[in-house]
Amino acid sequence: MAPLLALQEDLEELRQTFRSGATRNVAWRKAQLRSLVKLLREQEEQIFAVLHEDLGKHRIEAYRDEVGVLLKSLNHALSNVEKWMAPKKGQLPLVFFPATSEVVPEPLGLVLIFSSWNFPLGVTLEPLIGAISAGCTAVIKPSEHAPATSSFLAKAFPRYMDTKAIKVIEGGVTEAEHLLEQKWDKIFFTGSTQVGRIIMSAAAKHLTPVTLELGGKCPVVFDSGLSSSDREMAVKRIVSGKWGCCTGQACLAVDYLLVEEKLASTLIDLLKKSIKGLYGENPAESRTIAKIVNKHHFKRLRRILEEPGVSASVVHGGSVDEEKQLIEPTILLDPPQASELMTEEIFGPLLPIITLKNIQESIEFINSKPKPLAIYVFTKDEMLKRQVLSETSSGSVTFNDVLIHYLAEELPFGGVGESGIGSYHGKFSFDTFSHQKAVLRRRFFMEPPARYPPWNDYKLKFIRLLYHFDYFGLLLLLTGLKR
Ligand code: NAD
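Every value quoted in this text rests on a predicted model; they were computed, and no experiment measured them.

(A) A look at the pattern of salt bridges. Per the stated rule, a full pass over the model turns up 27 salt bridges. Notably, a salt bridge pairs K167 with E13, separated by 2.8 Å at the nearest N-O pair. Of this pair, K167 sits in strand β5 (residues 166-168) while E13 sits in helix α1 (residues 3-20), and the two are 154 residues apart along the sequence. The exposure class assigned to K167 is buried, which follows from its relative accessible area of 11%. The closest approach of N and O atoms between K380 and D230, which form a salt bridge, is 2.6 Å. Of this pair, K380 sits in the loop between β15 (374-378) and α15 (382-391) while D230 sits in helix α9 (residues 228-243), placing them 150 residues apart in sequence. Exposure remark for D230: the relative accessible area of 23% places this residue in the partly exposed category.

(B) Layout of the domain arrangement of the protein. By the assigned domains, the protein splits into domain 1 (4-214 + 424-436), domain 2 (218-414) and domain 3 (447-480). Distance between the C-alpha centres of domain 1 and domain 2: 31 Å. Around 2,100 Å² of area is buried between domain 1 and domain 2 when both sides are counted, 54% of it from carbon and sulfur atoms. Taken together, domain 1 and domain 2 are joined by one salt bridge. Notably, a salt bridge pairs E409 with K72, separated by 3.1 Å at the nearest N-O pair. Summed over the shared surface of domain 1 and domain 2, the number is nine residue pairs in polar contact (both at pLDDT 80 or more). At the level of elements, α3 (44-55), α4 (59-85), α5 (122-134) and α16 (427-432) are the ones that each hand at least two residues to the side of domain 1 that touches domain 2. With seven residues, α4 is the largest single contributor of residues to the side of domain 1 that touches domain 2. In terms of residue class, the side of domain 1 that touches domain 2 is built from eight nonpolar, eight polar and 10 charged.

(C) Highlighting the nonpolar core. In terms of nonpolar packing, the biggest core is built from 91 residues, with L40, L125, L128, F157, F222 and Y376 touching the most fellow members. Broken down by element, this core gets its largest block of residues, 11 residues, from α4. Both domains that furnish three or more residues to this core are identified here as domain 1 (4-214 + 424-436) and domain 2 (218-414). Counting 20 residues, the second-largest nonpolar core is a separate cluster that includes L110, A176, W184 and A203.

(D) Examining α15 more closely. Within α15, the full set of buried residues consists of L384, K385, Q387 and V388. Around the axis of α15, the buried residues are gathered within 165 degrees of arc, so they sit on the same side. Of the exposed residues in α15, those oriented more than 90 degrees away from the buried face are M383, R386, L389 and S390. For α15, the elements touching its buried residues are α14 (361-367), β15 and β16 (396-399).

(E) Spatial organisation of unusual backbone geometry. For the bond running from P453 to P454, omega is 0 degrees, close enough to zero to count as cis. Following the sequence through the fold, P454 ends up in the loop between β18 (434-442) and α17 (457-468). You will see that T247, though not glycine, has its phi angle at about 55 degrees, which is positive. On the secondary structure map, T247 appears in the loop between α9 and β9 (254-260). For T247, a relative accessible area of 1% corresponds to the buried category. The residue N400 is not glycine, and still its phi comes out positive at about 65 degrees. Following the sequence through the fold, N400 ends up in the loop between β16 and β17 (420-421).

How each quantity is defined
- Residues numbered from 1 in each chain as written.
- Predicted model: local features only at pLDDT ≥ 70, side-chain atom pairs only at ≥ 80, totals over all residues.
- Heavy atoms only, no water.
- Salt bridge = Lys/Arg side-chain N within 4 Å of Asp/Glu carboxyl O.
- Helix = DSSP H or I, 4+ residues; strand = E, 2+ residues; numbered from the N terminus.
- Buried < 20%, exposed > 50% of the residue type's maximum accessible area, 1.4 Å probe, protein only.
- Domains from an automatic or database assignment.
- Buried area = accessible area lost by both parts, 1.4 Å probe.
- Polar contact = N/O pair within 3.5 Å; in protein donor to acceptor, adjacent residues only side chain to side chain.
- Nonpolar A, V, L, I, M, F, W, Y, C, P; charged D, E, K, R; others polar.
- Core = buried A, V, L, I, M, F, W, Y, C linked by side-chain atoms within 4.5 Å.
- Arc of directions from axis to C-beta.
- Contact = heavy atoms within 4.5 Å.

See the structure below:
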């Protein structure tokens, strides 16, 4: 069978399942969420193996950042899905009297989920939890650059999930393009800003709504006012968030660090000490640091590092091992602003430090670049905190830590501007895949004549008052009835 014909048949089956109403049933939603829990629990060892094969991820990192996060999200969805599905009663002003209203969440329909390779399980299944909770049918297309994980999902899903409602379609750009030609009720995309633009223009053809979870350059602002013990804890968090989370190949990874000139050398010493403490003398041999995903990205990072002004700014690390696709944790001091290192998302183990005369300048520096997915600020200065919140724009702001807001189901996760459109996690995932349907119920009595022509000045006065003075609304309504 020609692949395109098979795709059409698959999509028709998914549409029929949605039309049948099966996925709207809370029992179906919970059963699928439970099956996903079962898959993650029973296949944990296999998952660790494929994540290691694709990215060299340590099993603890794989549990901390992917399997464990997903189980946490699944349990949260299982405990809350009925509450999320319940219609919410609305308050109507007297102008509608007598009437009641509610907001009913309804599933959007058949949705497409594209994901990236860096958390190939997490960013594929996390949105799926939202799609299932909302009662949608779905196609997931994992990244071709994490082939072991993609193939694992394609083989495991038919054993655990309802494949009449959820299908895994594997492939690269060609398959992605075929998928984008189809009509979807929602496209949820995790990936680069560049491909995000392609997704959005394809979606526009069918007026399909999109959620775009993109990347960018996430800065750290490091204030000089911290005590030495706070500095040490801050640096440990930065080091683990940069190099201990897929070697900096994370949308939320620290991209660059802003610090006052007077603190730069102390900070570099602390970073070196912390890298040694967490990953030993030879991090490449530590087996706790993930590899660069493929030759293409390895060469991209090496090219960035070898740019003349950039290589001259290396103050720690810099060695590369092409065979093992490893790059040493590398710190650079004041590299050229026009270099690729400083104009593009790094997405790797290179950490530029930019020195400023005054920490307040960090606001202007951040604002000179596209809006980031996250800003991290290490400070106890309340004024600086307020300034960052009110004078910059980003998907999120975390004070005195990095990355961990990803774990909070109560917080929306997403970007703004070039770092993304829309958000998810917890109830926000449910909302992302739902339409909020407005329902108004009226009765057949109380008809104020002022609603209808023939018009006169009294009717205008009456409508004006009714719209703006609800306290008197009922009284006026009754008066209006008499005329
Ligand atoms: P990518 O944009 O290259 O690929 C993402 C997905 O799009 C893949 O499934 C891929 O097959 C598909 N794709 C690639 N080219 C396409 C095309 N021309 N037409 C249609 N589909 C196409 O991204 P990546 O390299 O896999 O991931 C890295 C990027 O993802 C980084 O920018 C990172 O910041 C971002 N990211 C964001 C988040 C987030 O939650 N915001 C999470 C992880 C990664």
